[in-house]
Amino acid sequence: PPISRLLYTSSASYLYKRQRELFRTSQLICPTSGMAPGYVQTNLAILPMSYAFDFLLFCQRNPKPCPLIEVIEPGEYKPIKSAPNADIRFDVPQYRIYKNGILSKEVENISDIWRDDLVTFLFGCSFSFEEALIESGINLSHFENNKNVSMFITNIETTPAGIFSGPTVVSMRSIPRDKLVKTIQVTSRFPNVHGAPIHIGDPELIGINDISNPDFGDVNIIKEGEVPVFWACGVTPQAVAMKSKPSLMITHSPGHMFVTDIKNHEVAVI
């Protein structure tokens, strides 16, 4: 089977030891949902230092889409708090580079554009609570079908900070109707990785006119008896970049997350 499938079905210890090596050497480029079970995954945003205070304030004012895990000093590329042996320039499966709000390209590492004034922000990802959902008997179709989650730009505005403003992006998972209460209970325990959903049901109420046409990620079919459930998403800074137009913002490609050394249970609220 392909290496991506092996990674989804192998043991957690094998996943954790091997995945960064595979990402770092560009042997594996794929969404990371279901990979390295037990470990916190994060979104990524890298900005020149001249934007760093505004973006830090933006994250503090918008903790649902941007729950901070770590901020790395200017020019430093090792996330000392969350993964001290990692290298943020290489250890994400795929990166996006936005210049003046326009997606310039997707790349497998950012070593050639790294600068001493770049500040890295890592913030929690909903992939981290998927393990708890599955353990609670809540099946996730995108995981079972080896797909990325569906992500949508909504009409829910973020709270502005400095130059940064724009719409909230959400991730969508189709949940059996009889599992909705349990889903809310489980994900509420993980506020540092987006926490409880921000909308359940009719997607048009949050500005999504076509649930079969996501702005990011893959199409995921909502089966009979299932309800679309929406969580604030760490792709929000990419939508904000497109509106606010900083000269440079480097992000992960949607669904291609950075995996930390932090255990999921360490960010759970008991």
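Coordinates for the structure precede this section.
Below, the structure is looked at part by part. (Residues numbered from 1 in each chain as written. Predicted model: local features only at pLDDT ≥ 70, side-chain atom pairs only at ≥ 80, totals over all residues. Heavy atoms only, no water.)

A look at the sheet that holds strand E10 (residues 226-232)
Strand order in this open sheet of five strands is E8-E10-E7-E6-E9, and the pairing throughout is antiparallel. Looking at the sheet topology across the chains shown, the edges are occupied by strand E8 (199-200) and strand E9 (216-217). In this structure, strand E7 (residues 167-176) lies alongside E10, joined through seven bridges in antiparallel fashion. Its bridge partner lying in E10, Ser171 is registered against Trp231. Helix H6 (residues 180-188) contacts E7, E8 and E10 of the sheet and is inclined by roughly 20 degrees relative to E10. (Pairing = 2+ DSSP bridges. Helix = DSSP H or I, 4+ residues; strand = E, 2+ residues; numbered from the N terminus. Contact = heavy atoms within 4.5 Å. Axes fitted to C-alpha atoms, helices over the stretch in contact; angles between N-to-C directions.)

Let's talk about the state of the cysteines
Tallied over the entire structure, the rule returns zero disulfides. Summary of cysteine pairing: Cys66 is not part of a disulfide, and the nearest cysteine sulfur, belonging to Cys59, is at 4.5 Å. Take Cys66: its relative accessible area is 1%, and that puts it in the buried class. Cys233 provides the cysteine sulfur closest to Cys125, a residue in no disulfide bond, and the two sulfurs are 7.1 Å apart. Looking at Cys125, the relative accessible area reads 5%, which means it is buried. (Disulfide = S-S within 2.5 Å. Buried < 20%, exposed > 50% of the residue type's maximum accessible area, 1.4 Å probe, protein only.)

A few points about the environment of Val240
Structurally, Val240 can be placed in helix H7 (residues 236-244). With relative accessibility at 0%, the residue Val240 sits in the buried group. With 74 residues separating them along the chain, Val240 and Gly166 place their C-alpha atoms 4.6 Å apart. Beyond its immediate sequence surroundings of up to four residues, Val240 is in contact with Phe58, Thr158, Phe164, Ser165, Gly166, Pro167 and Lys245.

A closer look at the nonpolar core
Counting 18 residues, the largest nonpolar core has Phe129, Leu133, Ile175, Phe190, Val193 and Val267 as its most contacted members. Of all hydrophobic cores here, the second largest spans 17 residues; its members include Ala52, Phe55, Val240 and Met249. (Core = buried A, V, L, I, M, F, W, Y, C linked by side-chain atoms within 4.5 Å.)

Side note on helix H3 (residues 49-61)
With 13 residues, H3 should reach 18 Å at 1.5 Å per residue; the first-to-last C-alpha distance of 19 Å fits that figure. The complete set of buried residues in H3 reads Tyr51, Ala52, Asp54, Phe55, Phe58 and Cys59. If you follow the buried residues of H3, they end up packed against strand E1 (39-48), strand E2 (68-72), strand E5 (118-124), H7 and strand E11 (249-252). (Expected span 1.5 Å × (residues − 1).)

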